[in-house]
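Inside the fold
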Amino acid sequence: MKYKDYYASLGLERGASDEDIKKAYRKLAHKYHPDVSKEAGAEARFKEIAEAYQTLKDPEKRAAYDRLGRHAPGEEFRPPPDWGRQYAGGGESFEGVDLADLFAELAARQAGAHGRRASAPIRGEDYELRTGITIEQAFAGAVLELNLGMPDYDPSGRLHRVSRTIKVRIPKGAADGQRLRLAGMGGRGMAGGAAGDLYVTVELLPHRLYRADGHDLYLELPLAPWEAALGASVEVPTPGGVVQLKVPANTAGGQSLRLGGRGLPHAKASPGDLYAVVRIVNPPDPSPRARELYQELATAGDFQPRAELLREANRGS
Amino acid sequence: MEAEYTEMGWVEEGVEWTVAELAARCRFTEQELGELLDCGALPRGGRRALPVLRAAARLRNDFGLDLDGVALAMTLLRRIDELESELSRLRALVR
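A short tour of the structure in this document, coming up. Computed from a predicted model, the values in this text were never measured in an experiment.

Let's talk about the overall build of chain A
What chain A contains, in helices and strands, is 10 helices and 11 strands. Going through the 317 residues of chain A one by one, you find that 21% of them count as buried. The contacts of chain A with a sequence gap of at least 6 include a subset with a gap of at least 24, amounting to 55%.

Written out as structure tokens, the structure reads:
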């Protein structure tokens, strides 16, 4: 069994009072709770904090933990003789047992000793996890292998983490934040209760070309000034392949050109659209001839690109 | 290890759970859910009710919130959800 330093997880000394433990937990929980924090790694850090607090806040569990002695975090160790009999319902084998599961078991026994263990069927817990997929996978569908560490009981009734691999078919047409349900793949029910479900929330990974909004996709489309002014037929990449887009004359920078049905497919509706957002780009190093033509353009008409800007500015002053 | 193979479908966003079904899937009693419905923290037939309720149950458990605190947390979680959707829509428009 690997040792975890619950006091260090909460930033406390061994002799911390109950009040110190509560204060340290609250402070850290406010910072790292995954439902309120956006910090990277917050979920893992909160799990560590909550695990430490669940044990140290309870006098009996804290005493049991303290009797394990001091070890380096992550060090393989064995509880002292008789510890198992006194605190863990007998048995001295702790091979592959997680410290958190051991204390969860202790809590369950405490509840049983106080007559609170329910005999009515209890539905297993639902589990939630997030997985990232690419826009290409959302477009075409994908099969993902998810590795899960799930709690389960061994034949002697001790809680263990069991590694489980589930192959999941993500149907085509996933949008960011959509959830899939795997019925019965969550926690095991108790006293004849049904197993819980596993929910998988799909997150679209950032893409070098497309940004997604629901089933619609956005793509930045660079156009030369003359393509925007005169109109052109240009090639545009889409997840389903390159298509030809007709750019109308007098297209402005920032304008969105819609390619209907070229976004992500939808399970129950027509596919999303792809919007090509125009960005006008100048040649980085125009030739002398091109500069001559620009010069000609500059004197050819009386176009005032900032006329509206100045009119608004004058109105406000 | 041999992988278990599972087919699954999208969770219906617009699905309406009964109070009893919701209570079986989150750590609230039917009476508590009734109170959350009455004060408007849990919209009737609301979209994505279950994930918000699960998050609220976690916050209640981890911070020792009372039901008023839970109701407030749910209202704020829903606002954050709406703002994040809007932010995501706007981010898609600009790089």
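Brief notes about the sheet that holds strand S7 (residues 216-223) of chain A
Spatial ordering of the open sheet is given by S6-S7-S11-S10 (chain A), a layout of four strands whose pairing is mixed. Two strands lie at the open edges of the sheet, namely strand S6 (210-213) and strand S10 (256-259) of chain A, each paired on one side alone. Taking each pair of neighbouring strands and ignoring which way they run, the sheet shows an average axis angle of 30°. Note: S7(A) against strand S11 (residues 274-280) of chain A, seven bridges, orientation parallel. Counterpart to A:Tyr218 in the pairing with S11(A) is A:Tyr275. Running over the sheet, helix H4 (residues 67-93) of chain B touches S6 and S7 of chain A and is turned about 150° from S6(A).

Here we look at the pairing of strand S8 (residues 232-236) of chain A
Pairing analysis gives five bridges linking S8(A) to strand S9 (residues 243-247) of chain A, with the strands arranged antiparallel. Directly across from A:Val234, in S9(A), lies its bridge partner A:Leu245.

With respect to the pairing of S11(A)
Pairing geometry for S10(A) and S11(A), over four bridges, is antiparallel. Across the sheet, the residue bridging to A:Leu257 is A:Ala276, located in S11(A).

Examining the nonpolar core
If you look at the biggest cluster of nonpolar residues, it comprises 27 residues, and the most contacted ones within it are A:Leu217 and A:Leu219. Counting only elements with at least two residues in this core, the list comes to helix H7 (135-140), strand S3 (159-170), strand S5 (198-204), S6, S7 and S11 of chain A. A domain split of this core shows at least three residues from each of domain 2 (127-204) and domain 3 (210-316) of chain A. Apart from residues no more than four positions distant in its own chain, A:Leu217 is found in contact with A:Tyr210, A:Ala212, A:Gly263, A:Leu264, A:Gly272 and A:Leu274. Of all hydrophobic cores here, the second largest spans 17 residues; its members include B:Ala49, B:Leu59, B:Val70 and B:Met74.

Parameters at a glance
Residues numbered from 1 in each chain as written. Chains lettered and ligands numbered in written order. Predicted model: local features only at pLDDT ≥ 70, side-chain atom pairs only at ≥ 80, totals over all residues. Helix = DSSP H or I, 4+ residues; strand = E, 2+ residues; numbered from the N terminus. Buried ≥ 20, exposed ≤ 12 C-beta atoms within 10 Å, placed from the backbone. Contact = placed C-beta atoms within 7 Å. Pairing = 2+ DSSP bridges. Axes fitted to C-alpha atoms, helices over the stretch in contact; angles between N-to-C directions. Core = buried A, V, L, I, M, F, W, Y, C linked by C-beta atoms within 7 Å. Domains from an automatic or database assignment.

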